[in-house]
Amino acid sequence: MTFIQKLTAAWEANNSLLCVGLDPDMARLPVQFQHDPNGIYKFCTEIIDATADLACAFKPQIAYFAALSAESQLEDICAYVREKYPHIPLIMDSKRGDIGATARQYAREAYDRYGADAVTVSPYMGSDSVEPYMEWKDRGVIVLCRTSNPGGSDLQFLQVDGKPLYQHVARMVAEKWNANGQCALVVGATFPEELAQVRAIVGDMPLLVPGVGAQGGDVEATVKSGRTANGAGMMINSSRAILYATQQAGEDFAAAARRVAQETRDAINLYR
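Quick caveat, the model's predicted, so the values are computed rather than measured.

Cut-off values and rules
Residues numbered from 1 in each chain as written. Predicted model: local features only at pLDDT ≥ 70, side-chain atom pairs only at ≥ 80, totals over all residues. Heavy atoms only, no water. Helix = DSSP H or I, 4+ residues; strand = E, 2+ residues; numbered from the N terminus. Buried < 20%, exposed > 50% of the residue type's maximum accessible area, 1.4 Å probe, protein only. Contact = heavy atoms within 4.5 Å. Areas by Shrake-Rupley, 256 points an atom, 1.4 Å probe, with all protein chains shown as cover. Lys, Arg positive; Asp, Glu negative; His and termini not counted. Charge placed at Lys NZ, Arg CZ, Asp CG, Glu CD. Axes fitted to C-alpha atoms, helices over the stretch in contact; angles between N-to-C directions. Parallel < 35°, antiparallel > 145°, perpendicular 65-115°, else oblique. Left-handed = near helix turned anticlockwise from the far one by under 90°. Nonpolar A, V, L, I, M, F, W, Y, C, P; charged D, E, K, R; others polar. Salt bridge = Lys/Arg side-chain N within 4 Å of Asp/Glu carboxyl O. Pairing = 2+ DSSP bridges. Polar contact = N/O pair within 3.5 Å; in protein donor to acceptor, adjacent residues only side chain to side chain.

1. Focus on the overall build of the protein
Argument step 1. Helices and strands together make up the secondary structure of the protein, namely 12 helices and 10 strands.
Argument step 2. Expressed along its principal axes, the backbone C-alpha trace of the protein runs to roughly 55 × 40 × 35 Å.
Argument step 3. The 272 residues of the protein split such that 55% are buried.
Argument step 4. A sequence separation of at least 24 residues applies to 72% of the contacts in the protein between residues at least 6 apart.
Argument step 5. Only carbon and sulfur atoms are counted for the fraction: they give 49% of the accessible area of the protein, which is about 11,500 Å².
Argument step 6. Across the protein, the 25 positively charged side chains and the 32 negatively charged ones have centroids separated by 3 Å.

Put into structure tokens, the structure is as follows:
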């Protein structure tokens, strides 16, 4: 099954456009995990179990693991998802951007080492920095387009032939780079007008949409701007708001994460 096929099935099976991000911050983990050599794995797998029926994808952010020398735990987490929830896409958020043989090694890292269904990449170095990922014809390549951070405008809004650069990226990916039919774009929830413009350019191509939750993106505006005609087409990511949800009476961290994930999934579904 290809990335797009798996994602399409997950949208339907879980009635969800919610992507759960896995960004383990040791200082924010429950105390029982902070001094456990395998604490990151235990924390993340409990989050995964608590939200698996509410998510259309899981997205570990590789920097949070690498900074803690926890790549082996990341490997085990990815293996856990593939074994217990093989129907849910696994997106490696690494935003790689290099050329030739180096790009091929980054692709091997994502697809072979971690077994990811898709990986995020930067388009800044052009087509030959993305082509090596296409050698895995069933895997997804999710290209940065209009990112959710304010500084993204420094480059993404530069005018090229009368249009902002992010629109050229969207058109290039849709028309030239998507030969395998497994491409997607990163477009932030914090810019719903630009999200709508990207959707108009790329048709039904999936969009990975960060910025809902801790970054304050508006759910209604996001969904209405980015949905496809059939009410799908997006992986709306929430990480910190779910991982570190404020616990209510009688809840542990996993129950709190599940409650916030369900609230987010249901809020998204109101506007599909």
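2. Brief notes about the packing of helix α8 (residues 165–177) against helix α9 (residues 192–202)
Argument step 1. The interhelical angle for the contact between α8 and α9, taken along N-to-C directions, is 30 degrees, at an axis separation of 9 Å. Looking at the two axes, α8 sits roughly parallel to α9. In this structure, the crossing between α8 and α9 has a hand that is right-handed. Contacts between α8 and α9 involve Y166, Q167, A170, R171 and A174 from the former and E194, Q197, V198, I201 and V202 from the latter.
Argument step 2. Of the residues that constitute the contact of α8 with α9, the class distribution is six nonpolar, two polar and two charged.

3. Observations regarding the pattern of salt bridges
Argument step 1. All told, the structure shown has 16 salt bridges when counted by the stated rule.
Argument step 2. A salt bridge links D49 to K84, with the shortest nitrogen-to-oxygen separation between them at 3.7 Å. On the criterion of sequence distance, the pair formed by D49 in helix α3 (residues 39–51) and K84 in helix α5 (residues 71–84) is long-range, its members being 35 residues apart.
Argument step 3. Among the residues examined, D49 registers a relative accessible area of 33% and is labelled partly exposed.
Argument step 4. The partly exposed category is assigned to K84, whose relative accessible area is 43%.
Argument step 5. Salt-bridge contacts for K95 lead to D93; the nearest nitrogen and oxygen are separated by 2.8 Å.

4. So, the packing of α9 against helix α10 (residues 219–226)
Each pair of packed helices gets described by two things: the angle between the helix axes and the distance between those axes.
Argument step 1. Interaxial distance between α9 and α10 falls to 8 Å at its minimum, and their mutual angle equals 15 degrees. Relative to α10, the element α9 is oriented roughly parallel. Note on packing geometry: the crossing formed by α9 with α10 is right-handed. In this structure, α9 contributes P192, L195, A196 and R199 to the contact, and α10 contributes A221, T222, S225 and G226.
Argument step 2. Class assignment of the residues belonging to the contact of α9 with α10 gives a composition of four nonpolar, three polar and one charged.

5. As for the environment of V219
Argument step 1. Positionally, V219 belongs in helix α10.
Argument step 2. Considered as a pair, V219 and G203 are 16 residues apart in the sequence and their alpha carbons are 21 Å apart.

6. Describing the sheet that holds strand β8 (residues 183–187)
Argument step 1. Here we have eight strands laid out as an open sheet, ordered β2-β1-β10-β9-β8-β5-β4-β3, and parallel in their pairing. Bordering the open sheet on either side are β2 (57–60) and β3 (91–96), each of which pairs with just one other strand. Ignoring which end each strand starts from, the neighbouring axes of this sheet average 30 degrees apart.
Argument step 2. Sheet topology places strand β5 (residues 140–146) next to β8; five bridges connect them, and they run parallel.

7. A short note on the side chain of Q73
Argument step 1. Structurally, Q73 is set in helix α5.
Argument step 2. According to the relative accessible area criterion, Q73 is buried, its value standing at 9%.
Argument step 3. Polar contacts involving the side chain of Q73 include one to the main-chain amide nitrogen of I40, which spans 3.2 Å.
Argument step 4. In terms of polar contacts, Q73 uses its side chain to reach the backbone amide nitrogen of Y41, at 2.8 Å.
Argument step 5. Filtering out sequence-adjacent residues up to four positions away, Q73 remains in contact with P37, N38, G39, I40 and Y41.

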